[in-house]
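Spelled out, the chains give:
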Amino acid sequence: MAITAKHQIVIVGGGTAGITVAARLRRAGYTDVAVIEPSNDHYYQPLWTLVGGGRASAESTVRPEHSVMPKGVTWIRNAVSAFDPAANTVTCTDGETYEYDALVVAPGIQLDWNRTEGLEEAVGRNGVSSNYRFDLASRTWEFIQNTRSGSAVFMMPSGPIKCGGAPQKIAYLASDYWRKQGVLDKIDVHLVLPTPRAFGIPEIADNLDKVIAKYGIQLHTLSEVTAVDGEAKKVTVTAVGEGGTDTTLAFDMLHAVPPQSAPDWVKSSPLSTGDSNGYVEVDKFTLQHTRFPNVFSLGDVAATPNSKTGAAVRKQAPVVVANIADHLEGRPLSAHYDGYSSCPIVTSSHDMLLAEFDYDMHLTPSFPFLDPTKPHRPYWYVKKYGLPWLYWNLMLKGLV
Ligand code: FAD
């Protein structure tokens, strides 16, 4: 196969992970780094929750891709469609093929709208929206404002998804808005979760139960929305597990979150784990591929059992960069990722709980003087102003 170009390090995806790694590689002195990224826009997705809750504008979450591309990095505006790790090449949808010494795989996650019956046709209309799409997050806010009585359903799919807290955060923001409008008692709010509790750490789940009770939200645990009928405005809720029974909930508004998995072209590639989610098979500590030592992966597409967030990427990126350096210079890999992730759960339009934890679900608070299991007002300002500033000015520049 004809090679279009060779770069020492090729990064697939110029999102949160790809740009952070590129910036850190430049700072570490690497001069031949290329990022393959098809999009002209770069998104700060964590703010989409606040867009949906009417607390941030959609425009504040997007910047041109060229403005975040680190100086000295080659941007290849193309979409990868295949990996040939035995030949050290990646091929793009137009047939262009790039060779590398080391590869970083970071094209993010795929939203599988069609895996929930009726969802793909329903989303965007009839009160059905999703903060998981940039173009729809503002519509969530419209639908929340238009709901003055009736029923609202907030759903979370089973399986790994990015930001596992996002499906419930918007339920709290919406309920807080309805409470302030004086209409909350006229709306049946349903939160449908596939998990046994609202959070995997019992102390945090206890406090979220209090938030849920305060708003009068009806919590459906170990349950999943398996079908959406947008025209009839109803969803089918199925108990998770063998022989689960079905119930029906009517809705005036539905916040939908689709099942998620690796992009199909990653799933079918030699880099995948080969299971139904198809993420990139890496060692969960070194982030090196388990079969192809010059391949590394991080972010949402990596098959690491951490919670998939930008916060996790912030801790993974320095590990990938240090281990690429070790690999290229023939040393044993020296850096380890401990599974750190953080889940900023907004619980009202001015409060937030900042859950930070590692692979063992041990709490690892950055601000230990604030009880990490409870919502606090200062964290709201961290979420709305602090973290976006840190993202654009420090993280994407490889400084934190
Ligand atoms: P992305 O940032 O999604 O980047 C993937 C990139 O790959 C994109 O630029 C894409 O265009 C590119 N790409 C796609 N296909 C190809 C291809 N074929 N070839 C080359 N490139 C390709 N995280 C937090 O830390 N805190 C939060 O509060 C939080 N809240 C969230 C709320 C919502 C509603 C959502 C949707 C996400 C939230 N996240 C949050 C998660 C966070 O945004 C992601 O975990 C993070 O962006 C993952 O980074 P990534 O680089 O793996 O993927």
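Calculation notes
- Residues numbered from 1 in each chain as written.
- Predicted model: local features only at pLDDT ≥ 70, side-chain atom pairs only at ≥ 80, totals over all residues.
- Heavy atoms only, no water.
- Helix = DSSP H or I, 4+ residues; strand = E, 2+ residues; numbered from the N terminus.
- Buried < 20%, exposed > 50% of the residue type's maximum accessible area, 1.4 Å probe, protein only.
- Contact = heavy atoms within 4.5 Å.
- Areas by Shrake-Rupley, 256 points an atom, 1.4 Å probe, with all protein chains shown as cover.
- Lys, Arg positive; Asp, Glu negative; His and termini not counted.
- Charge placed at Lys NZ, Arg CZ, Asp CG, Glu CD.
- Near = heavy atom within 4 Å.
- Polar contact = N/O pair within 3.5 Å; in protein donor to acceptor, adjacent residues only side chain to side chain.
- Nonpolar A, V, L, I, M, F, W, Y, C, P; charged D, E, K, R; others polar.
- Domains from an automatic or database assignment.
- Patch = residues over 30% accessible without salt bridge, like charges linked within 9 Å, V, L, I, M, F, W, Y side chains within 5 Å.
- Salt bridge = Lys/Arg side-chain N within 4 Å of Asp/Glu carboxyl O.
- Pairing = 2+ DSSP bridges.
- Axes fitted to C-alpha atoms, helices over the stretch in contact; angles between N-to-C directions.
- Phe/Tyr/Trp six-rings, centres within 6.5 Å; stacked < 30°, edge-to-face > 60°.
- Lys NZ or Arg CZ within 6 Å of the ring centre and 35° of its normal.
- Buried area = accessible area lost by both parts, 1.4 Å probe.
- Expected span 1.5 Å × (residues − 1).
- Left-handed = near helix turned anticlockwise from the far one by under 90°.

## As for the overall build of the protein
Okay, so step 1: Along the backbone of the protein there are 10 helices and 21 strands.
Okay, so step 2: In terms of principal-axis extent, the alpha carbons of the protein reach across some 65 × 45 × 40 Å.
Okay, so step 3: Put simply, the protein has 400 residues, and 55% of those count as buried.
Okay, so step 4: Restricting to contacts in the protein with at least 6 residues of sequence separation, those with at least 24 account for 63%.
Okay, so step 5: When the accessible surface of the protein is totalled, it reaches about 15,800 Å², and 51% of it is carbon and sulfur.
Okay, so step 6: Across the protein, the 35 positively charged side chains and the 41 negatively charged ones have centroids separated by 9 Å.

## Points about the site of the ligand
Okay, so step 1: In the vicinity of the ligand there are 34 residues, among which Ala17, Glu37, Asp300, Gly310 and Ala311 approach most closely.
Okay, so step 2: Between the ligand and the protein, one listed contact pairs an oxygen atom with a side-chain N or O atom of Lys383 at 2.9 Å.
Okay, so step 3: In the complex, the protein chains occlude 90% of the 1,000 Å² of accessible area that the ligand would expose alone.
Okay, so step 4: Of the residues belonging to the shell around the ligand, the class tally is 16 nonpolar, 12 polar and six charged.
Okay, so step 5: Structurally, the shell around the ligand is a two-domain feature, drawing no fewer than three residues from each of domain 1 (5-109 + 262-340 + 392-397) and domain 2 (113-259).

## Here we look at a negative patch on the surface
Okay, so step 1: Among the surface-exposed residues, Glu117, Glu120, Glu121 and Asp229 lie close enough to one another that they form a single negatively charged patch.
Okay, so step 2: Among the secondary structure elements, Glu120 is positioned in helix H4 (residues 119-122).

## A closer look at the sheet that holds strand S16 (residues 246-250)
Backbone-to-backbone hydrogen bonds join strands into a sheet, with any given pair of strands oriented parallel or antiparallel.
Okay, so step 1: Strand order in the open sheet formed by three strands is S14-S15-S16, and the pairing between neighbours is antiparallel. A single partner strand is all that each edge strand has here, and the edge strands are strand S14 (223-229) and S16. With strand direction ignored, the average angle separating the axes of adjacent strands in the sheet is 30°.
Okay, so step 2: Strand direction decides the pairing type here: strand S15 (residues 234-239) and S16, joined by five bridges, are antiparallel. Bridging from a neighbouring strand, Lys234 pairs with Ala250 of S16.

## Points about the packing of aromatic side chains
Okay, so step 1: Enumeration according to the criterion identifies 15 aromatic pairs in this entry.
Okay, so step 2: When the centroid spacing of 5.6 Å and the interplanar angle of 35° are considered together, the rings of Phe83 and Trp265 count as tilted. You can see Phe83 sitting in strand S6 (residues 80-84) and its partner Trp265 sitting in helix H8 (residues 264-267), a full 182 residues away along the chain.
Okay, so step 3: Judged by relative accessible area, which is 7%, Phe83 ranks as buried.
Okay, so step 4: Classification of Trp265 as partly exposed rests on a relative accessible area of 24%.
Okay, so step 5: Centroid distance Phe367 to Phe369: 6.2 Å. Interplanar angle 75°. Geometry classified as edge-to-face.
Okay, so step 6: You can call Phe367 partly exposed: its relative accessible area is 30%.
Okay, so step 7: The positively charged end of Lys308 is found above the aromatic ring belonging to Tyr279, 4.1 Å away from the centroid.

## A look at the domain arrangement of the protein
Okay, so step 1: What the domain assignment reports for the protein is domain 1 (5-109 + 262-340 + 392-397) and domain 2 (113-259).
Okay, so step 2: For domain 1 versus domain 2, the distance between C-alpha centres works out to 31 Å.
Okay, so step 3: Contacts between the two partners involve 18 residues from domain 1 and, on the opposite side, 17 residues from domain 2.
Okay, so step 4: For the pair domain 1 and domain 2, the two sides together bury roughly 1,500 Å², of which 65% comes from carbon and sulfur.
Okay, so step 5: On the domain 1 side of the interface with domain 2, the three residues burying the most area are Trp48, Thr49 and Gly52, jointly 36% of the side's total.

## A closer look at helix H6 (residues 166-181)
Because the α-helix completes a turn every 3.6 residues, residues three or four places apart line up on one side.
Okay, so step 1: With 16 residues, H6 should reach 22 Å at 1.5 Å per residue; the first-to-last C-alpha distance of 23 Å fits that figure.
Okay, so step 2: In terms of residue burial, H6 counts as a mostly covered element, since 13 of its 16 residues are buried.
Okay, so step 3: At the exit of H6 stands Gly182, carrying a positive phi of roughly 75°.

## Concerning the packing of helix H5 (residues 134-146) against H6
Okay, so step 1: Two elements in contact, H5 and H6, have axes whose closest approach is 10 Å; the angle formed by their N-to-C orientations is 40°. The handedness of the crossing between H5 and H6 comes out as right-handed. Packed against H5, whose contacting residues are Thr140, Trp141, Ile144 and Gln145, the element H6 presents Ile170, Ala174, Tyr177 and Trp178 at the interface.

## Here's the deal with the pattern of salt bridges
Okay, so step 1: In this structure the tally under the stated criterion is 14 salt bridges.
Okay, so step 2: One salt bridge connects Asp101 with Lys6, and the closest N-O pair in it is separated by 2.7 Å. Here Lys6 lies in strand S1 (residues 5-12) and Asp101 lies in strand S8 (residues 97-105), a separation of 95 residues in the sequence.
Okay, so step 3: Accessibility expressed as a relative area gives 32% for Asp101, which makes it partly exposed.
Okay, so step 4: The exposure class assigned to Lys6 is partly exposed, which follows from its relative accessible area of 42%.
Okay, so step 5: Ionic pairing is found between Asp326 and Arg331, a salt bridge with its closest N-O pair at 2.9 Å.
Okay, so step 6: On the accessibility criterion, Asp326 (4% relative accessible area) is buried.
Okay, so step 7: You can call Arg331 partly exposed: its relative accessible area is 41%.
Okay, so step 8: Connected via shared salt-bridge partners are Asp176, Arg179 and Lys180.

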